[in-house]
Amino acid sequence: VVVALAVFLVAITLQGTSGKEVLSERENAVIVSLARNEELHALLESIQSLEDRFNNKFHYDWIFLNEKPFSEDFINETTAMVSGKTQYGLIPLEHWSFPDYIDTEKAKKRFTELENVYKYGGQESYRHMCRFNSGFFYKHELLKPYKYYWRVEPGVKFYCDINYDVFKFMRENNKAYGFTVALFENPKTIPSLWLAVRDFLSINGLPTENFMEFLSSNKGTDYNTCHFWSNFEIADLDIWRSEFYENFFNFLDRTGGFFYERWGDAPVHTIGAALQLSADKFHFFEDIGYSHPPITACTNNDVLRKKNKCSCNPMFDFNPNYYVSCMEHFMEVSRMEYPEGWGHFVL
Ligand code: GDP
Ligand code: MN
């Protein structure tokens with residue numbers, strides 16, 4: 001009886017708080033949101049949007065992460081909206097604080113100096129967030145069992161039906177990193193990032209499989225600041241679990257650039273992935289209409305938009321605007337064909 005009770009309790013625990021059914025044909029994948037309690041309602045908008053367009057057909061689990069405990073309200077409201085199992089993780093302090101090799105006085109002085117130079121220039125928390133997303137989210141206990149993840153932020157919107165399993169697509173097509181927006185970084189936020197990358201490569205060498213062409217037009221001398229917008233990512237966690245990326249992140253972290261400058265996790269992810277993966281491992285999800293203010297991705301392919309019941313305005317598609325977007329560059333260097341209707345509205 002004791003054994004039976006124990007088995008029963010384990011089964012109940014595995015089912016999760018919501019007791020929602022587990023579908024065996026799902027991929028080993030999870031949706032992940034880092035968020036603050038105050039962002040609950042903006043996050044509910046994102047969840048509703050993704051559930052309606054995708055997850056109500058697949059019921060993937062959803063992990064929520066926070067450096068502070070989630071409120072009861074946050075847990076109840078999000079669990080009620082997710083069709084898969086929900087899990088709530090507290091970020092360990094060592095993943096969200098100054099490491100001992102950072103001069104915190106110097107860092108705080110830099111925050112003051114950079115306050116009005118660019119967005120979040122004066123914010124300490126934003127830097128912990130970027131560093132966490134760069135080097136730690138995939139190390140969280142809750143993510144350990146999974147291979148693929150979809151990153152979702154508060155306040156984003158999905159405009160088109162997604163009628164296939166994107167994670168299955170990733171696996172079957174041997175893709176590692178999926179994105180919707182490619183753009184240039186503000187160089188002021190990363191003045192010494194590429195110097196650090198070059199230092200790292202001069203010690204460790206450039207892996208034979210790489211997509212350096214996306215990052216640099218002169219074989220790595222200069223960085224063109226092209227990167228994928230990381231508020232949307234459908235990717236293989238093994239990119240970040242690789243020995244290469246571990247060394248890469250630790251090297252960057254040691255320089256202090258996450259704090260003394262304001263290195264974003266987007267350029268760090270893109271560079272870290274493109275230095276170890278060939279072009280064919282990256283996938284542009286043309287069919288996923290998406291917005292994270294102020295940028296929208298919305299295919300100009302009229303047939304595709306109607307087929308997937310997209311509600312976005314194709315005039316606002318960011319990607320074909322070559323003076324702000326890196327998408328044309330991506331297509332060129334990955335020898336990808338231009339999507340149907342590409343850049344219809346670009347002047
Ligand atoms: P932006 O997209 O670069 O403008 O930055 P966001 O404010 O959207 O932050 C990026 C992601 O990190 C979002 O998922 C936020 O919810 C999350 N985030 C930002 N700052 C914090 C923080 O201090 N604590 C927690 N828990 N999440 C944060
Ligand atoms: Mn955001």
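Under an unreviewed UniProt entry, the name given to the chain is Glycosyltransferase family 15 protein, and the organism recorded is Kuraishia capsulata CBS 1993. We quote the UniProt Subcellular location (unreviewed entry) comment for the chain here in full: "Membrane". Recorded under Sequence similarities (unreviewed entry), the UniProt text for the chain is reproduced unchanged: "Belongs to the glycosyltransferase 15 family."

### Brief notes about the packing of helix α7 (residues 193-204) against helix α10 (residues 243-255)
Closest axis-to-axis distance for the α7/α10 pair is 10 Å, and the angle between their directions is 130°. Here α7 is positioned oblique relative to α10, judged by the angle of their axes. Crossing hand, α7 versus α10: right-handed. Residues Ala196, Phe200 and Asn204 of α7 lie in contact with α10, whose contacting residues are Asn247, Phe248, Phe251, Leu252 and Thr255. Here the residues of the contact of α7 with α10 are counted per class, giving five nonpolar, three polar and no charged.

### Some thoughts on the sheet that holds strand β12 (residues 295-297)
If you trace the three strands from one edge of the open sheet to the other, you get β5-β11-β12, paired in antiparallel fashion. The sheet is open, and its two edges are formed by β5 (157-158) and β12, each paired on a single side. In this structure, β5 lies alongside strand β11 (residues 290-292), joined through two bridges in antiparallel fashion. By the bridge assignment, Lys157 is partnered in β11 with Ser291.

### Looking at the nonpolar core
Counting 82 residues, the largest nonpolar core has Val30, Tyr149, Phe179, Val181, Ala182 and Ala274 as the members making the most contacts within it. Non-local contacts of Val30, meaning those with residues more than four positions away in its chain, are made with Tyr60, Asp61, Trp62, Ile63, Tyr146 and Tyr149.

### Things to note about the pairing of strand β4 (residues 148-151)
As paired elements, strand β1 (residues 29-34) and β4 share four bridges and run parallel to each other. Bridge pairing in β4 links Ile31 to Trp150. Where β4 and strand β9 (residues 233-236) come together, four bridges link them in antiparallel fashion. Looking across to β9, one finds that Trp150 is bridged to Ile234.

### Here we look at the packing of helix α5 (residues 124-135) against helix α12 (residues 265-274)
Orientation of α5 relative to α12, taken along the N-to-C sense of each, is 20°, at an axis distance of 8 Å. In this view, α5 runs roughly parallel relative to α12, as classed from their interaxial angle. As for the relative orientation of α5 and α12, their crossing is right-handed in sense. Across from Cys130, Asn133 and Ser134 in α5, the residues of α12 making contact are Asp265, Val268 and His269.

### Details of the site of ligand 1
The local shell around ligand 1 consists of Leu34, Ala35, Arg36, Glu39, Asn66, Glu67, Ser125, Met129, Glu153, Pro154 and Asn231. Tallied by class, the residues present in the shell around ligand 1 amount to four nonpolar, three polar and four charged.

### Some points on α7
Because each turn of an α-helix spans 3.6 residues, side chains separated by three or four positions end up pointing in the same direction. For α7, spanning twelve residues, the distance from its first C-alpha to its last is 16 Å, which sits close to the expected 16 Å at 1.5 Å a residue. By the burial criterion, the buried members of α7 are Leu193, Trp194, Ala196, Val197 and Phe200. Down the axis of α7, the buried set is contained in an arc of 155°. They therefore lie on one face. Residues of α7 that are exposed and point over 90 degrees away from its buried face: Ser202 and Ile203. Considering only its buried residues, α7 is in contact with α10, α11 (257-260) and α12. Looking at the residues trailing α7, positive phi occurs at Gly205, about 80°.

### Section: the confidence of the model for the chain
Residues at a pLDDT of 70 or more form 93% of the chain, whose mean pLDDT is 94. Every residue in residues 10-19 is under pLDDT 50, and counting partners more than four places away or in other chains gives eight contacts.

### Observations concerning unusual backbone geometry
In this structure, Pro294 follows Pro293 across a cis peptide bond, with omega equal to 5°. Turning to its location among the elements, Pro294 is positioned in the loop between β11 and β12. Within the chain, His59 stands out as a residue other than glycine whose phi angle is a positive 60°. The backbone phi angle of Asn174 is positive, close to 60°, even though this residue is not glycine. Mapped onto the secondary structure, Asn174 falls in the loop between α6 (166-172) and β6 (177-179).

### Topic: the environment of Asn250
For Asn250, the position within the fold is in helix α10. C-beta crowding within 10 Å serves as the criterion here: with 11 such atoms nearby, Asn250 is assigned to the exposed category. When the C-alpha positions of Asn250 and Gly135 are compared, they lie 8.0 Å apart, and in sequence the two are 115 residues distant.

Definitions and cut-offs
Residues numbered from 1 in each chain as written. Chains lettered and ligands numbered in written order. Predicted model: local features only at pLDDT ≥ 70, side-chain atom pairs only at ≥ 80, totals over all residues. UniProt positions renumbered as here; feature names shortened; annotations may be inferred. Axes fitted to C-alpha atoms, helices over the stretch in contact; angles between N-to-C directions. Helix = DSSP H or I, 4+ residues; strand = E, 2+ residues; numbered from the N terminus. Parallel < 35°, antiparallel > 145°, perpendicular 65-115°, else oblique. Left-handed = near helix turned anticlockwise from the far one by under 90°. Contact = placed C-beta atoms within 7 Å. Nonpolar A, V, L, I, M, F, W, Y, C, P; charged D, E, K, R; others polar. Pairing = 2+ DSSP bridges. Core = buried A, V, L, I, M, F, W, Y, C linked by C-beta atoms within 7 Å. Buried ≥ 20, exposed ≤ 12 C-beta atoms within 10 Å, placed from the backbone. Near = placed C-beta within 6 Å. Expected span 1.5 Å × (residues − 1). Arc of directions from axis to C-beta. pLDDT = per-residue confidence, 0-100.

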